[in-house]
Every structure is written in structure tokens, then in C-alpha cells.
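Remarks on the overall topology
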Amino acid sequence: MATSDRPASATENPSAAALHQLKELLERDIAFAQALGATASTEAAAKLAAEHGIAVAPEALWRHRGTLVCGGLPTWRG
């Protein structure tokens, strides 16, 4: 049986791993955080994330919109 170097959670749930990467990038890159905050839709946000090497579905962004930034404020209007 093959094993993976990635944690089990990343292997079992790629969306969770991508969201974790996105949160880390938001914390360390203020320009990215500002650009993400300026996006008008989850599709635009997913495209911006992809440009930074993070593959995340717009649906995953929408589901977690209140947990991506400190304070739990929604990123996109509902």
C-alpha cells in the first residue's frame, strides 16, 4: 500500500487543504489579502487564488466566506 507525505486531512479533503493554504497566504501577504477583498465574486476569488498556486473551488470559498479572515466577516455579500 502506498503512503503519502501529506497529512491525512489534506489527502482526504483537498478543499480543506486549499483553504488552509489560502488562510496562510492571507496572513502573510497583505497585497494578496487586499486583492482578494476587492474581488466581486467567488469565481474571481478562485481565479486569483489559482494565480497564486492555490486550486480552490468557488463553492468552497462561498461555504467558508466567514472564516477566511480574522473576525469572521463575510468576504462576499450573500
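In this text the structure is predicted, and so the values were computed from the model without any measurement. (Residues numbered from 1 in each chain as written. Predicted model: local features only at pLDDT ≥ 70, side-chain atom pairs only at ≥ 80, totals over all residues. Heavy atoms only, no water.)

Details of the overall build of the chain
Regarding its fold elements, the chain presents five helices and zero strands. Taken over 78 residues, the chain has a buried fraction of 27%. Looking at the chain alone, contacts between residues at least 24 apart form 40% of all its contacts between residues at least 6 apart. Carbon and sulfur atoms form 55% of the exposed surface of the chain, whose accessible area is close to 5400 Å². (Helix = DSSP H or I, 4+ residues; strand = E, 2+ residues; numbered from the N terminus. Buried < 20%, exposed > 50% of the residue type's maximum accessible area, 1.4 Å probe, protein only. Contact = heavy atoms within 4.5 Å. Areas by Shrake-Rupley, 256 points an atom, 1.4 Å probe, with all protein chains shown as cover.)

Digging into the environment of Leu68
Its place among the elements puts Leu68 in the segment after α5 (58-63). Between the alpha carbons of Leu68 and Glu27 there is a distance of 9.8 Å; along the sequence they are 41 residues apart.

Observations concerning the confidence of the model for the chain
Mean pLDDT over the chain works out to 81, with 73% of the residues at or above the 70 mark. Mean pLDDT values for the elements of the chain range from 53 in helix α1 (residues 8-12) up to 95 in helix α4 (residues 42-51). (pLDDT = per-residue confidence, 0-100.)

Regarding the nonpolar core
Counting 16 residues, the largest nonpolar core has Leu22, Phe32, Val56 and Leu61 as the members making the most contacts within it. Within the residue set of this core, elements represented by two or more residues are α2 (14-28), α3 (30-37), α4 and α5. Examining the composition of this core, we find that five residues originate from one element, α2, more than from any other. (Core = buried A, V, L, I, M, F, W, Y, C linked by side-chain atoms within 4.5 Å.)

Quick word on the packing of aromatic side chains
Per the counting criterion, the structure on display carries zero aromatic pairs. Residue placement shows Arg65 over the ring face of Trp62; its charged tip is 3.8 Å from the ring centre. (Phe/Tyr/Trp six-rings, centres within 6.5 Å; stacked < 30°, edge-to-face > 60°. Lys NZ or Arg CZ within 6 Å of the ring centre and 35° of its normal.)

Some words on α4
Every buried residue belonging to α4 is among Thr42, Ala45, Ala46, Leu48 and Ala49, and all of these are buried. Along the long axis of α4, the arc covered by the buried residues comes to 160 degrees, so they all point the same way. Exposed and facing more than 90 degrees away from the buried side of α4 are Glu43, Lys47 and Glu51. Summarising the contacts, the buried residues of α4 are in contact with α2, α3 and α5. Once α4 ends, the next one or two residues include Gly53, with phi positive near 85 degrees. (Arc of directions from axis to C-beta.)

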